[in-house]
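Working through the structure, step by step
Letter by letter, the chains look like this.
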Amino acid sequence: MSLRTINIAPRALLGFALIGALMLCLGIFALNQMGKIRAAGETIEDSTVPGFAAVHQLTQLSLRLRSLSYHLWLNRDAESRESTLKLIDKRNQQIDEARRNYEPLIFGNAEHAAYDRYVQLLTQYREMENSMKLASRSDDTETLRRLINLDMR
């Protein structure tokens, strides 16, 4: 049966019905894709961006801790030393809190492996930090300099 043998009204109806069906299929496909995009956006919003913020906070606190180490080395009076040691303890508490906030946001094996490596390095750093505190309290500036400039880097 040829389309030319069908009257114009049924032929037009068939053409518009075909166009309508194609538009309906395209609309359903687009809604499905938009749902996937929204799900990916929610993942980014709920996990990735807060994870970046938590990593940024860990970085900032670690840098502040490092600068306090230099402050401890340079300012040798007892009052300044004790206030710096208190600030170091406070920064360590803040790092622990930031770590607790970040742990539920870890996504994927690579990120988890990097975080495990960070925890390992932080543990080593804190052991050297304890040595640094002892050297500072005993006014052993040469050991303190070696720890800060070489070992703790």
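What counts as what
- Residues numbered from 1 in each chain as written.
- Predicted model: local features only at pLDDT ≥ 70, side-chain atom pairs only at ≥ 80, totals over all residues.
- Heavy atoms only, no water.
- Patch = residues over 30% accessible without salt bridge, like charges linked within 9 Å, V, L, I, M, F, W, Y side chains within 5 Å.
- Areas by Shrake-Rupley, 256 points an atom, 1.4 Å probe, with all protein chains shown as cover.
- Salt bridge = Lys/Arg side-chain N within 4 Å of Asp/Glu carboxyl O.
- Helix = DSSP H or I, 4+ residues; strand = E, 2+ residues; numbered from the N terminus.
- Buried < 20%, exposed > 50% of the residue type's maximum accessible area, 1.4 Å probe, protein only.
- Lys, Arg positive; Asp, Glu negative; His and termini not counted.
- Contact = heavy atoms within 4.5 Å.
- Expected span 1.5 Å × (residues − 1).
- Bend = angle between axes of the 7 residues up to and from the residue.

Observations concerning a nonpolar patch on the surface
Nonpolar side chains collect at one region of the surface, where F16, I19, M23, L26 and F29 lie side by side and expose about 590 Å² of accessible area between them. Along the chain, the position of M23 falls in helix 1 (residues 8-74).

A look at the side chain of R91
Mapped onto the secondary structure, R91 falls in helix 2 (residues 78-102). At 10 Å, E129 is the nearest oppositely charged side chain to R91, a buried residue that forms no salt bridge. Setting aside residues no more than four positions away along its own chain, R91 makes contact with L61, R64, L65 and L68.

So, helix 1
A rise of 1.5 Å per residue sets the reference length of helix 1, with its 67 residues, at 99 Å; its end C-alpha atoms lie 94 Å apart and thus fit the reference within 8%. Along helix 1, the largest kink reaches about 40° and is centred on I44. Those residues of helix 1 that sit buried are S47, G51, A54, L58, L61, L65, R66, L68, S69 and L72. Along its buried surface, helix 1 packs onto helix 2, helix 3 (109-137) and helix 4 (141-151).

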